[in-house]
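Chain by chain, the residues:
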Amino acid sequence: MDNLTFNVTGTLVWYYYICKREVWLMAHGLEPDSDNPFIDIGKLIHETSYKREKKEVQFDGVKMDVITDDNGKTIVAEIKKSSRFKQSATMQLAFYLTKLKEAGLEAVGELRFPSEKRKEKIELTPEMEGELEKICGEIKSIVSLNVPPKPEKCKYCSSCGYRDFCWV
Ligand code: SF4
């Protein structure tokens, strides 16, 4: 895949913190196992939570859930099934905030974990922006490889939709 024309997405930022091989598989259009119950639960929580408030917005090639609060403030929310992947979720949200900032739009981020009845505000910091710049370059390098990085056993493999690609 052409490193120069390829656009990093929030989903790839999320996977970057979980597994580099997953980044490659996802970016190359390999669909994760649709029978994986963990994927179904995640989708269901995303689709059914905060249905009335949220609006999915597509912007500069990325999709994000946007909510406007009572004070008219724009909130970009990431709805996740648990806080287990908090670092991934935080950086995915930071990625969306960066995209909006580049377009001159001010927004705040909010991580939402409906099954834990918890919300957390995320503010974009210069450290996050620096890290995102670095990892976007790394994601592009991973995606430009002709073959995916070798599988490495990690704590996420057991619930991964790609485990059949790695451990048959
Ligand atoms: S099964 Fe493990 S090694 Fe394979 S893509 Fe998933 S997390 Fe990565």
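Before any of the text, the structure's been laid out above.
Below or above, wherever it landed, is the structure these notes cover.

The rules behind each value
- Residues numbered from 1 in each chain as written.
- Predicted model: local features only at pLDDT ≥ 70, side-chain atom pairs only at ≥ 80, totals over all residues.
- Heavy atoms only, no water.
- Core = buried A, V, L, I, M, F, W, Y, C linked by side-chain atoms within 4.5 Å.
- Buried < 20%, exposed > 50% of the residue type's maximum accessible area, 1.4 Å probe, protein only.
- Helix = DSSP H or I, 4+ residues; strand = E, 2+ residues; numbered from the N terminus.
- Contact = heavy atoms within 4.5 Å.
- Near = heavy atom within 4 Å.
- Nonpolar A, V, L, I, M, F, W, Y, C, P; charged D, E, K, R; others polar.

1. Let's talk about the nonpolar core
Then comes step 1: In terms of nonpolar packing, the biggest core is built from 39 residues, with Val13, Val23, Phe95 and Ile139 touching the most fellow members.
Then comes step 2: Elements supplying a minimum of two residues to this core: α1 (10–16), α2 (20–27), β2 (62–68), α4 (86–102), β4 (108–113) and α5 (126–143).
Then comes step 3: For this core, the element with the highest residue contribution is α4, accounting for eight residues.
Then comes step 4: Among residues more than four places away in sequence, those in contact with Val23 are Leu12, Tyr15, Tyr16, Ile139, Ile142 and Val143.

2. Section: the environment of Pro148
Then comes step 1: If you trace the backbone, Pro148 turns up in the loop between α5 and α6 (163–166).
Then comes step 2: Residue Pro148 is classed as partly exposed on the basis of its relative accessible area of 24%.
Then comes step 3: The spatial distance from the C-alpha of Pro148 to the C-alpha of His28 is 9.3 Å, given a sequence separation of 120 residues.
Then comes step 4: Other than its neighbours up to four places away in sequence, Pro148 contacts Arg21 and Trp24.

3. A look at the site of the ligand
Then comes step 1: Close to the ligand lie Cys19, Glu22, Pro151, Glu152, Cys154, Cys157, Cys160, Tyr162, Arg163, Cys166 and Trp167.
Then comes step 2: The residue inventory of the shell around the ligand, partitioned by class, reads eight nonpolar, no polar and three charged.

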